[in-house]
Amino acid sequence: MTDLKKSLGGVQFFSIGFGGIVGVGWIIYLGVWFGQAGPIGTVVAFLFGGLLMALVGLCYAELGSAYPVAGGEAVYVDRAFGPRVGFVVGWAIMLMLTFVVPYIAITLAWMLDVLFPGLRGPFLYRWRGQDIHLVSLLISLGWTAWLALLNYRGVHGAAKFQDWLTYGKIGLSLVFIGAGLFGGSLGNLDPAFGSAGGAATWSGILAVTVTVPWFLSGFSEIPQLFEERSPGTSTRMLGLMVVAVILAAAVYYAVAALAIGMVTPWQPILAQELPAASAFRLRFGNEFLTRLVLVTGVLGIITVGNGASLAGSRLLFALSRSRMVGPAFGKLDPKTGAPVMAIGFITVFGLLASFLGRSGVIPIVSVGSAAASLAYFFTSLSLPRLRRVDPDRPRPYRLPAGPLVAVLAALSSLFLLIGQLRQHWVDAAGAFPLEWFVILAWTLFGVVAWRSGAAARASVGEAERARTAMGEG
C-alpha cells in the first residue's frame, strides 16, 4: 500500500472538470433540445439548470475544502448519515462514471467514421437495431484499453493529457461559435421557444432542464481528485473551482446553442444526425466549419472519457478504503500510486459494454441524470448535518447562509430527480421504462458489492473505519 500521488494544481483541476463536462453530447442532442424547447428555450434551460447546479456546487465547495479526500460525495454523506447512505450515493455516481467510459469509446468510433467515411469496416452483427462493425468495435476496445494504461501510469500524465485537449477544444470552439454569432442572424432563431407558447413551451424547457445534471455532471469529478492535489494548492480555491466549472460549462452550452441557432433556420437541422455540425454546412456550403465542430467533438469525447476514468477509479478506491465494498479495490500500485483494481473494474466494464453498441449503452447512460440528482440531494443535505456533528472541522471555504443554500440545492436536486423519472415514464409511452430496468439491475449489483465489504466492516470499529475513509488509517 502507498498513498495516492499528489501532483495536481488548479489548471489541471479546471481541465478535469470542464473537460469532463463538455464533450460531444451537445453536438448530438442539440436537435432534440431545439425540437423540445427551441433555441432560446434551450438557452434558458441551460442557464436556469446551471444556476440550480451552482447551488449544489456551492455545497461541494464547502464540503470539498473541509474533506479533501478521494470519494467526494460518498465520503461527505458517509460522515453525515452513515455508511449505508454513503454507499447509495457513491454507487449512484459509480453508475454514471462507469458507463460514461464505454459510451464515450463507442461514440469516438462513430465520430471518426463520420470524419473518415468507410472507416467502420465490415459488418459483424446487429444489437437493438444498431449495426456493429469490426473496425468501430476495435477502436472502442483499443481506446478503452489505452485509457486504462494512461490512468495506470499515474494521475500526473493523465491530467497533462487532459490539459492539452481541453484548452485545445476551447480554442477551436471559439472559432465556430464566433462564426455563428457574427455570421448568423437573429431571425433564424424564430420560433425562439419551439412552439406557439403556453404549456407546450414550458414542458419543452423542463424536458431540456432535467437533462442538465447529466450534461454538467463532470464537475463532481473534481472532488474525487482533491486528495491528489499538489502541496500548497488551496482547498478553498479548489472548492470554488467546482462552482466556476459549473457556471463556465452552462454558459458554454447556452452560447453554443445560441450560435448554432443563429447560423441557419433551425427546423431543417432537427432531422440531421449531427445537427450542430450540419447547420454550418447548410449555411456556408463548405465543410471546414462542419469538420471543425466534429473535431472539437472528438476532443470533447476524449476529455470526458479520461475524466470519468480518473474519477471513477478514485471513487471505487475510496469506497473500498472505507469498507463499503470489498478490500481488493483499495490496492494501489506502489510506483505510480494508481488504484490498480479499480482501474481494472472500470476497464472490464468498458470493454464488455463496447460490444453493445450505441443503442445498447444509451439506455444505461440515460439514467445518469437521475443518479447524479440523487447524489446531489444527499450531498447538499450533508452540509448542515456536518456543521452540527463535526463543528470543529476546519472549513477553508465556509458557505454564507450555508444551511439555506443547502436546502435550496437539495430541493433543486429533488425537483430534477422527479422530473427525470417522469421523463422516463413519458418517453416509454405507457410501457415500463427501460431506464428503470437499468436502475433495478444496478441496485441489485450494488447489494452484491455492499455485501462484499461486510467482512471488512465487521473487522474494524466504526471509529477506525471513519479514519481510513479519510485516508488517515
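All of these numbers come straight from a predicted model, not from anything done at the bench.

Rules behind the numbers
Residues numbered from 1 in each chain as written. Predicted model: local features only at pLDDT ≥ 70, side-chain atom pairs only at ≥ 80, totals over all residues. Heavy atoms only, no water. Helix = DSSP H or I, 4+ residues; strand = E, 2+ residues; numbered from the N terminus. Rg over C-alpha atoms; globule rule 2.2 N^0.38 Å. Buried < 20%, exposed > 50% of the residue type's maximum accessible area, 1.4 Å probe, protein only. Contact = heavy atoms within 4.5 Å. Areas by Shrake-Rupley, 256 points an atom, 1.4 Å probe, with all protein chains shown as cover. Lys, Arg positive; Asp, Glu negative; His and termini not counted. Charge placed at Lys NZ, Arg CZ, Asp CG, Glu CD. Salt bridge = Lys/Arg side-chain N within 4 Å of Asp/Glu carboxyl O. Core = buried A, V, L, I, M, F, W, Y, C linked by side-chain atoms within 4.5 Å. Pairing = 2+ DSSP bridges. Phe/Tyr/Trp six-rings, centres within 6.5 Å; stacked < 30°, edge-to-face > 60°. pLDDT = per-residue confidence, 0-100. Patch = residues over 30% accessible without salt bridge, like charges linked within 9 Å, V, L, I, M, F, W, Y side chains within 5 Å. Axes fitted to C-alpha atoms, helices over the stretch in contact; angles between N-to-C directions. Parallel < 35°, antiparallel > 145°, perpendicular 65-115°, else oblique. Left-handed = near helix turned anticlockwise from the far one by under 90°. Nonpolar A, V, L, I, M, F, W, Y, C, P; charged D, E, K, R; others polar.

Engineer: How do you make sense of the overall build of the chain when you look at a structure like this?
Structural biologist: Assigned secondary structure in the chain consists of 19 helices and two strands. In terms of overall dimensions, the chain is globule-like: its C-alpha atoms have a radius of gyration of 22 Å, near the 23 Å expected for 473 residues. If you line up the chain on its principal axes, its C-alpha atoms span 65 × 50 × 50 Å. Here the chain, with 473 residues, has 60% of them falling under the buried criterion. The contacts in the chain between residues at least 6 apart in sequence include a share of 83% that link residues at least 24 apart. Total accessible area on the chain is roughly 17,700 Å²; 69% of this is exposed by carbon and sulfur atoms. Across the chain, the centroid of the 32 positively charged side chains sits 3 Å from that of the 21 negatively charged ones.

Engineer: Is there a simple way to think about the pattern of salt bridges in this case?
Structural biologist: By the definition in use, this model includes eight salt bridges. We note a salt bridge from R126 to D131, for which the minimum N-O separation is 2.7 Å. We classify D131 as partly exposed; its relative accessible area is 30%. We note a salt bridge from E227 to R321, for which the minimum N-O separation is 2.8 Å. Of the two residues, E227 is situated in the loop between α9 (221-224) and α10 (235-263) and R321 in helix α12 (residues 288-321); the sequence distance between them amounts to 94 residues. R321 sits in the buried class, given a relative accessible area of 14%.

Engineer: Sorry, what's going on with the nonpolar core here?
Structural biologist: For soluble globular proteins, nonpolar side chains are generally found buried alongside one another. Grouped together as the largest cluster of nonpolar side chains are 134 residues, with contacts concentrated most on W26, M53, M94, F176, L216, F219 and Y253. Top contributing element to this core by residue count: helix α4 (residues 83-115), with 20 residues. The contacts of M94, once residues within four sequence positions are left out, are G312, L315, L316, L319, F345, I346 and W442.

Engineer: Teacher, can you tell me more about the pairing of strand β1 (residues 123-127) here?
Structural biologist: As paired elements, β1 and strand β2 (residues 130-133) share four bridges and run antiparallel to each other. What sits directly across from F123, in β2, is H133.

Engineer: Explain unusual backbone geometry to me, please; I cannot follow it from the model alone.
Structural biologist: Of all residues except glycine, most have a negative phi; of all peptide bonds, most are trans. Here the amide bond leading from D190 into P191 is cis, since omega sits at -5 degrees, within 30 degrees of zero. If you trace the backbone, P191 turns up in the loop between α6 (155-183) and α7 (199-209).

Engineer: Looking at this structure, I do not really get the packing of aromatic side chains. What am I missing?
Structural biologist: Given two aromatic rings, one states the distance between the centres and the angle between the planes to describe the pair. As enumerated under the stated definition, the model contains 39 aromatic pairs in all. Judged by centre distance (5.4 Å) and plane angle (70 degrees), the ring pair of W91 and F445 falls under edge-to-face. Residue W91 is found in helix α4, and its partner F445 is found in helix α17 (residues 434-452); the two are separated by 354 residues along the sequence. Both rings, one in F219 and one in Y376, keep their centres 5.2 Å apart while their planes meet at 35 degrees; by these two values the pair is tilted.

Engineer: Is there a simple way to think about the confidence of the model for the chain in this case?
Structural biologist: On average, the chain scores 86 in pLDDT, and the residues at 70 or more come to 96%. Confidence, read as mean pLDDT per element, is least for helix α14 (residues 357-365) in the chain (69) and greatest for helix α3 (residues 73-81) (93).

Engineer: Honestly, a nonpolar patch on the surface in this entry has me stumped. Any pointers?
Structural biologist: A surface patch of nonpolar side chains, amounting to about 530 Å² of accessible area, comprises L404, V407, L408, L411, L414 and I418. Topologically, L404 is positioned in helix α16 (residues 402-428). Judged by relative accessible area, L404 falls into the exposed class, the value being 54%.

Engineer: Would you mind going over the packing of α3 against α4 with me for this structure?
Structural biologist: Working note: a packed helix pair is described by the angle between its axes plus the distance between those axes. One can describe the packing of α3 onto α4 by two numbers: an axis separation of 7 Å at closest approach and a directional angle of 160 degrees. With respect to their mutual orientation, α3 and α4 come out roughly antiparallel. As for the relative orientation of α3 and α4, their crossing is right-handed in sense. Together, E73, A74, V77, D78 and F81 of α3 and P83, V85, G86, V89, G90 and I93 of α4 make up the contact between the two elements. Per-class residue counts for the contact of α3 with α4 are seven nonpolar, two polar and two charged.

Engineer: Please explain the packing of α16 against α17 as it appears in this structure.
Structural biologist: The geometry of α16 relative to α17 is characterised by a closest axis approach of 8 Å and an angle of 125 degrees between their N-to-C directions. In terms of their interaxial angle, α16 and α17 are classed as oblique. On α17, the residues that touch L421, H424 and W425 of α16 are E435, W436 and I439. Looking at side-chain class alone, the contact of α16 with α17 contains four nonpolar, one polar and one charged residues.

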